[in-house]
Amino acid sequence: MTSHAICIQTRMAVWDLSVSVEELGPEAPPLKISVTSDLHIGGVILKTVEKSQIKQDWSDHALWWEQKQQWLLKPSWTLDKCGIHADARLCLTPQHKPLQLVMPSSIVLRMRVCFSSPVFRTIMGICKLLNIRRPEELSLLWPVEEKKKKKDKDVGEEVYDITCAPLPSSDTHKYDPIQRIQPAPAPETIAKLYRTTNIMEKAHINSRWLDSSRSLLQQGVKENDKLILRFKYYTFHDIIPQADVVRLTQLYEQSRWAILLEEIECTEEEMMVFAALQYHIGKVSLTEQSVASCPAMEDLDLALQCLEVKMEGESSADDMLYDVRHCIISLPLFRPKRLTLKGYKQYWFTFKDTTISYYKSKEESSKEPIQQMNLKGCEVAPDVSVAGQKFCIRLLIPGPEGMNEVYLRCEHEQQYSRWMAACRLASKGKTLADSSFSSEVQSIQSFLAMQKTTPRNNTAQTDESINTHSLVSPRYQKKYKPKQLTPRILEAYQNVAQLSLTDAIQKFLQIWQALPDFGLSYIVVRFKGCRKDEVLGIANNRLIRIDLSVGDVVKTWRYNTMRQWNVNWDIKQVAIEFDGNVNIAFSCVTANCKIVHEYIGGYIFMSTRCREQSDTLNEELFHKLTGGHEAL
């Protein structure tokens, strides 16, 4: 008896799939493509291209699934595996499209960017094209919708079209407009631009950040839309002037606008220093083309800079420690209470490791102190007026019931600069033996020197080219006339006039980063169990709970004490656990909780970077920390 193998071939049903082709125009009807469920995505694209009868390069095209708002980027997946049926509406469209990008300098670039990758990878492509290192520090956000007044005429802004530039590859390209320092803006321009007037408006700004784990098209961005590129994470890693021409220029422009638009508070003396530096940078930039040296010297300069950093790390700051480390100093101390005048009491202080101890008198210093204050994790802010000979240090020290506010008053600027440096190091968990102590002292002394008035020379007295109202924020434009501002700015200018363009920019950034509210991003939240809204301040190393009604800091939590954080995406609530069985939970009022989640995860990601690492980003780790339930 013989047996025969019988093969039965099942013929799959053929059905029509609707695919629109962007090149055929918006009015053209979708093409009907005959497919079977086992046809792969690559085959659908091939059939669509053949039926369109358009001969062109289709290599950048991909299918977009309109109903699901997602890209179909895996050519080998079948329609069945993707879950696509006859009712699906697909569109064959380029993955790279033109976008208007507003740079921190306010220059608008029109360039082709990737609409199909996660925004994080799209920004990597943008930064590679523009020669900006450390793209992880930047992100994209929607512009503010401003209501146009009837009397305002539409003034066409200049747009630099670089859509013809090749897509990001191993080569980088330099565009002169974004390397140049922009001229000081007219006072009318500053007055017309959107300014936040309170912490609530600042919080609303942060609701406009795009999601780093989703593509532009998934977030409603369309071809030729306008988006803003900004430094989102205020932790600027490994700045090398020779390699970071565009990065430094754009950082300066972002910080300058933050000062002019009053996005961050500064004192009147600090504003005069900022104005003087802007004036100097504007003058010097006319003769110095860029902050970079000639290409032939870059390798040597980089090597010398790395050697200098290494040698600084190995140097000792023993000569700077004599009035802080082991000796006892009399400093007045003040603990503020509500509705009281500020009064100081004299105590004797010692500073050891990261702890300040104080006593009633010098004789009592060998006994138990009145109190010891461990400064690790505290907030340190200056309260200084060089003209008024006021040199105070404001400390916000975390305690079991919130923040304890303490002021230390120093006798003179030398004492202040050393104690301020010691407090800053201690807040980061570093002792006075740390190699950065001397450079911290010098940085503080340098800033104090800028605020000193110096005799003006004849050039300064007769210099009428300075447009003072272009250098200060509207608050000081209203408070002072130009003839009142000019001598004050020129006095401060005498202290910075010898700086090179690179040094002046770095000095501006250094003073900006030293401001008490630097790097704080605000979100209005509702803490679990509370009936009123409060503000969550997000910084590069901590979270801050702020009373919305009076603006007082209630509590600070540092990331290095965080055990875990979770997001309940259903009820949109963030829960965080810290050391010591401290648990907090809150819902977000002015922004999606994904934005808070991404901020926290992003800053933790930034802290994993080190100087020895290459420029290759660990994209997988970033998405693990920031992606949430949609992490790639």
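Summarised in this report is the structure supplied together with it. (Residues numbered from 1 in each chain as written. Predicted model: local features only at pLDDT ≥ 70, side-chain atom pairs only at ≥ 80, totals over all residues. Heavy atoms only, no water.)

Considering the overall build of the chain
Across its full length, the chain carries 17 helices and 24 strands. Counting all 632 residues of the chain, 50% fall into the buried class. Look at the contacts in the chain between residues 6 or more apart in sequence, and 64% of them connect residues 24 or more apart. When the accessible surface of the chain is split by element, carbon and sulfur atoms take 50% of a total near 32,500 Å². (Helix = DSSP H or I, 4+ residues; strand = E, 2+ residues; numbered from the N terminus. Buried < 20%, exposed > 50% of the residue type's maximum accessible area, 1.4 Å probe, protein only. Contact = heavy atoms within 4.5 Å. Areas by Shrake-Rupley, 256 points an atom, 1.4 Å probe, with all protein chains shown as cover.)

Topic: helix 11 (residues 437-450)
For helix 11, built from 14 residues, the straight-helix expectation of 20 Å at 1.5 Å per residue is met to within 8% by its first-to-last C-alpha distance of 20 Å. Taken residue by residue, helix 11 has F437, S438, E440, V441, S443, I444, F447, L448 and M450 as its buried positions. (Expected span 1.5 Å × (residues − 1).)

Focus on empty space enclosed by the protein
Summed over the entire model, instances satisfying the criterion amount to one cavity of 30 Å³ or more. Space inside the largest cavity adds up to approximately 50 Å³. Around the largest cavity sit I259, E262, I264, E265, C266, M271, S473, R475 and Y476, which together line it. Here the lining of the largest cavity is composed, by residue class, of five nonpolar, one polar and three charged. (1 Å grid on protein atoms, 1.4 Å probe; cavity = no way out; pocket = protein on both sides within 12 Å on 5 of 7 lines; lining within 4 Å. Points joined across faces, edges and corners; volume = space filled by probe spheres on them. Nonpolar A, V, L, I, M, F, W, Y, C, P; charged D, E, K, R; others polar.)

Some points on the pairing of strand 19 (residues 534-538)
Taking burial as the measure, the five residues of strand 19 include five buried ones, the bulk of the element. Judged by which residues are buried, strand 19 turns out to be covered on both faces: E534, L536 and I538 on one side and V535 and G537 on the other are all buried. Bridge count for strand 18 (residues 521-527) against strand 19 is five bridges, and the pairing is antiparallel. Counted as the bridge partner of S521 is I538 from strand 19. Turn length for the strand 18-strand 19 hairpin, with the two strands adjacent in sequence and antiparallel, is six residues, and the turn residue G529 shows positive phi of about 90°. Across four bridges, strand 19 lies against strand 20 (residues 542-546) in antiparallel orientation. (Pairing = 2+ DSSP bridges.)

Remarks on unusual backbone geometry
A positive phi angle, near 60°, is found at E262, a position not held by glycine. By the element assignment, E262 lies in the loop between helix 7 (245-260) and helix 8 (268-284). On the basis of relative accessible area, E262 is assigned to the buried category, the value being 16%.

Regarding the packing of helix 8 against helix 15 (residues 501-514)
Contact geometry for helix 8 and helix 15: axes closest at 9 Å, N-to-C directions at 155°. What the angle tells us is that helix 8 and helix 15 run roughly antiparallel. Considering only the axes of helix 8 and helix 15, their crossing is left-handed. On the side of helix 8, the interface is formed by V273, F274, L277, Q278, H280, I281 and V284, while helix 15 contributes L501, A504, I505, K507, F508, I511 and W512. Its residues placed into classes, the contact of helix 8 with helix 15 shows eleven nonpolar, two polar and one charged. (Axes fitted to C-alpha atoms, helices over the stretch in contact; angles between N-to-C directions. Parallel < 35°, antiparallel > 145°, perpendicular 65-115°, else oblique. Left-handed = near helix turned anticlockwise from the far one by under 90°.)

Some remarks on the sheet that holds strand 6 (residues 96-102)
With respect to topology, five strands assemble into an open sheet ordered 8-10-6-7-9, the strand pairing being mixed. Each of the sheet's edge strands pairs with one partner strand only, and the pair in question is strand 8 (138-141) and strand 9 (159-161). Pairs of neighbouring strands in the sheet enclose a mean axial angle of 40°, with direction left out of account. When strand 7 (residues 108-114) meets strand 9, the two strands line up parallel, connected through three bridges. Note that in strand 9 the partner of R110 across the bridge is D161. Helix 3 (residues 119-130) rests against strand 6, strand 7, strand 8 and strand 10 (226-231) of the sheet, and its axis sits at about 125° to strand 7.

Limitation: the analysis is restricted to geometry and does not speak to function.
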